Amino acid sequence: MAKQPTTSSNNIQKILIGLIAVLVLVTVGMKVLNRSADGPALYSQHFQLYDLQLSKEAANPNNRIYQAEQAYHNGKYEDALAILQSFIRTQPNATDRLGIAAACCLLQMGQTAQAVTQLDQAIAKGYGANKSLAQWYKALALLRLGDVAAAKSIIEPMAVDSYAPNKKQAQELLKQL
């Protein structure tokens, strides 16, 4: 005749099963609560190359800005960057759009920290839509660097700003952070 488990061993079994269930729930809960956004992956998902349209004159190969624009559109980011940075250094009133374009060149070349510096300069010079656009690219660059908190601090106000050109993208990205 098989021996029946005692009440005390049944209670111990139930307690052990309960403890294991609690441990599993705590482990899963910690993973969910501690999930951190993958900054570089979010950067890749949301980055779109800045649509550079600088030259207002007809195509003139002697125009340095036109040359930078052509190099940029042809994926020759080092060449475009050299021209843009030279122009920014020599022209104190160079537009924030040149800074954004230079930063995008740096991002395409993998020089993310330098792009953040360039974007800070564009933000300082900028106003309106261009300033907001420079902030958007800075947030993306910070994500690429893995600084999710700093990126989020830029994106949060953008997501509620009616005038931000990237408001919808900021709202979408904020949901992922």
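Cut-offs used in this document
- Residues numbered from 1 in each chain as written.
- Predicted model: local features only at pLDDT ≥ 70, side-chain atom pairs only at ≥ 80, totals over all residues.
- Heavy atoms only, no water.
- Patch = residues over 30% accessible without salt bridge, like charges linked within 9 Å, V, L, I, M, F, W, Y side chains within 5 Å.
- Areas by Shrake-Rupley, 256 points an atom, 1.4 Å probe, with all protein chains shown as cover.
- Salt bridge = Lys/Arg side-chain N within 4 Å of Asp/Glu carboxyl O.
- Helix = DSSP H or I, 4+ residues; strand = E, 2+ residues; numbered from the N terminus.
- Contact = heavy atoms within 4.5 Å.
- Axes fitted to C-alpha atoms, helices over the stretch in contact; angles between N-to-C directions.
- Parallel < 35°, antiparallel > 145°, perpendicular 65-115°, else oblique.
- Left-handed = near helix turned anticlockwise from the far one by under 90°.
- Nonpolar A, V, L, I, M, F, W, Y, C, P; charged D, E, K, R; others polar.

A.B. asks: So what's going on with a nonpolar patch on the surface? Which residues, and what values?
C.D. replies: A cluster of nonpolar side chains, namely Ile12, Ile15, Leu16 and Leu19, defines an oily patch on the protein surface of about 400 Å² accessible area. With respect to the secondary-structure elements, Ile12 resides in helix H1 (residues 7-33).

A.B. asks: An account of the side chain of Gln118 is requested, with residue identities and associated values reported.
C.D. replies: Structurally, Gln118 is set in helix H6 (residues 112-125). Beyond its immediate stretch of four places on either side in the chain, Gln118 contacts Gln85, Ile88, Gly99, Ala102, Ala103 and Leu106.

A.B. asks: Could you give an account of the packing of helix H7 (residues 128-145) against helix H9 (residues 167-176), with specific residues and numbers?
C.D. replies: In contact at an axis separation of 11 Å, H7 and H9 are set at 25° when each is read in the N-to-C sense. Accordingly, the angle class assigned to the pair H7 and H9 is roughly parallel. Here H7 and H9 pass one another in a crossing that is left-handed. Along the contact surface, H7 presents Trp136, Leu140 and Leu143, while H9 presents Gln169, Ala170 and Leu173. For the contact of H7 with H9, the per-class residue count stands at 5 nonpolar, 1 polar and no charged.

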